[in-house]
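# Structure at a glance
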Amino acid sequence: ILNVEQSPQSLHVQEGDSTNFTCSFPSSNFYALHWYRWETAKSPEALFVMTLNGDEKKKGRISATLNTKEGYSYLYIKGSQPEDSATYLCAFNFYQKVTFGTGTKLQVIP
Amino acid sequence: EPEVTQTPSHQVTQMGQEVILRCVPISNHLYFYWYRQILGQKVEFLVSFYNNEISEKSEIFDDQFSVERPDGSNFTLKIRSTKLEDSAMYFCASSESVETQYFGPGTRLLVL
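Each value, and the rule that gives it
Residues numbered from 1 in each chain as written. Chains lettered and ligands numbered in written order. Predicted model: local features only at pLDDT ≥ 70, side-chain atom pairs only at ≥ 80, totals over all residues. Heavy atoms only, no water. Disulfide = S-S within 2.5 Å. Helix = DSSP H or I, 4+ residues; strand = E, 2+ residues; numbered from the N terminus. Buried < 20%, exposed > 50% of the residue type's maximum accessible area, 1.4 Å probe, protein only. Pairing = 2+ DSSP bridges. Salt bridge = Lys/Arg side-chain N within 4 Å of Asp/Glu carboxyl O. Contact = heavy atoms within 4.5 Å. Buried area = accessible area lost by both parts, 1.4 Å probe. Polar contact = N/O pair within 3.5 Å; in protein donor to acceptor, adjacent residues only side chain to side chain. Axes fitted to C-alpha atoms, helices over the stretch in contact; angles between N-to-C directions.

Enumeration according to the criterion identifies two disulfides over all chains in this entry. Paired by a disulfide, cysteine 23 of chain A and cysteine 90 of chain A hold their sulfur atoms 2.0 Å apart. For the disulfide bridge between cysteine 23 of chain A and cysteine 90 of chain A, the dihedral angle about the S-S bond is near 75 degrees, and by the sign convention the bridge is right-handed. In this pair, cysteine 23 of chain A sits in strand β3 (residues 19–24) while cysteine 90 of chain A sits in strand β9 (residues 86–94), placing the two residues 67 residues apart along the sequence. For the pair cysteine 23 of chain A and cysteine 90 of chain A, one class covers both residues: buried. Residue cysteine 23 of chain B pairs covalently with cysteine 92 of chain B via a disulfide, S to S 1.9 Å. What sets the handedness of the cysteine 23 of chain B and cysteine 92 of chain B disulfide is the S-S torsion sign, and at about -60 degrees it is left-handed. Of the two residues, cysteine 23 of chain B sits in strand β3 (residues 19–24) while cysteine 92 of chain B sits in strand β9 (residues 88–95), which places them 69 residues apart along the sequence. Both residues of the pair, cysteine 23 of chain B and cysteine 92 of chain B, belong to the buried class.

Structure representation (C-alpha cells):
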C-alpha cells in the first residue's frame, strides 16, 4: 500500500494571503505526481502533472514544485482569493495505478 | 471543450442487485480509470484500462467488479451483488497519455 500524505488537512486564510501545502509520497518507483483542485459538487480539476525531479510548474497564481528524491511536492497559492476555496488533492502515479492523498481543504475568507 | 460524462448522476439500488455505471470518456483518449470516494474518506483508485484490457487494479477491485468498453465510446463499471459498503461517489476519468486525467462529474451510488 502506497502512502500519500497531505498537510495540513485544512486551512483558513484571509483574502490576499499567500499559502502553501505539502504532499509527501514514496520516493522510490516514482512515475508522476498530480495536483487537482476539487470544488464541492464538482469533479476534480487537473492543475499540474509533474514528472521530473526539480520540476516547477505555474498556472496563474498557483505554482508547484517537486522533489522526487525526498518524496515531496509543494503547492503554492499567491494572493489567495475566495474562489480558490476548494480541496486540493495530490495523487501519486505508480505506472497506471494512482494513489490519492487525503487532500487539503482551503477556505479563503473575504 | 470536450469533457468526460457519466450517467446516471445518482443511483439508488437494493443490496444484492447489480448496477452498471456508465462513462463516456473524451473521444481521443486512450486510458480510462474508475475511482470511488466513500463519504468522508479519500478518493480510491479502482482500475485503469488501456487497449481494451485492464492495465492496473487495486485490492478493492475484486470479482464483484468488472469493466468493459462495449463500443467505441462507452466505458462501464459493473458492480455485481451490491453491498451497503459499495455506497460511494464513483468517478470515471480519461487521459490521452499516462499524465493529465480528466474526471467526470461522478455517479453517486446508494445501496440500501
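So, about the pairing of β3 of chain B. Residue and element names in this part refer to chain B. Alternating positions in β3 separate cleanly, Val19, Leu21 and Cys23 being buried on one face and Ile20, Arg22 and Val24 remaining unburied on the opposite face. Note that strand β1 (residues 5–7) and β3 share three bridges and pair antiparallel. Note on β3: the bridge partner recorded for threonine 5 is valine 24. Pairing geometry for β3 and strand β8 (residues 75–79), over five bridges, is antiparallel. The residue bridging valine 19 from the neighbouring strand is isoleucine 79, located in β8.

The next thing to look at is the pattern of salt bridges. Should the charged atoms of two oppositely charged side chains come close, the side chains can pair. Residue and element names in this part refer to chain A. Applying the stated criterion across every chain, the model contains five salt bridges over all chains. Across the pair glutamate 39 and arginine 37 runs a salt bridge, and its minimum N-O distance is 3.0 Å. Under the relative-accessibility criterion, glutamate 39 is labelled partly exposed at 25%. A relative accessible area of 11% means that arginine 37 is categorised as buried.

In this section: the interface of chain B and chain A. In this assembly, 22 residues from chain B lie in contact with 20 residues from chain A. Each partner contributes to the roughly 1,800 Å² buried at the junction of chain B and chain A, and carbon and sulfur atoms together form 62% of this total. Where chain B meets chain A, there are zero salt bridges. Scanning the region where chain B abuts chain A turns up two residue pairs in polar contact (both at pLDDT 80 or more). Of all the secondary-structure elements, those providing two or more residues to the side of chain B that touches chain A are β4 (31–37), β5 (44–50) and β6 (53–57) of chain B.

What follows covers the sheet that holds β1 of chain B. All names here are of chain B. The four strands lie next to each other as β1-β3-β8-β7, forming an open sheet whose pairing is antiparallel. With partners counted over all chains shown, the strands left at the sheet margins are β1 and β7 (65–68), one partner each. The average undirected angle you get between the axes of adjacent strands in this sheet is 20 degrees.

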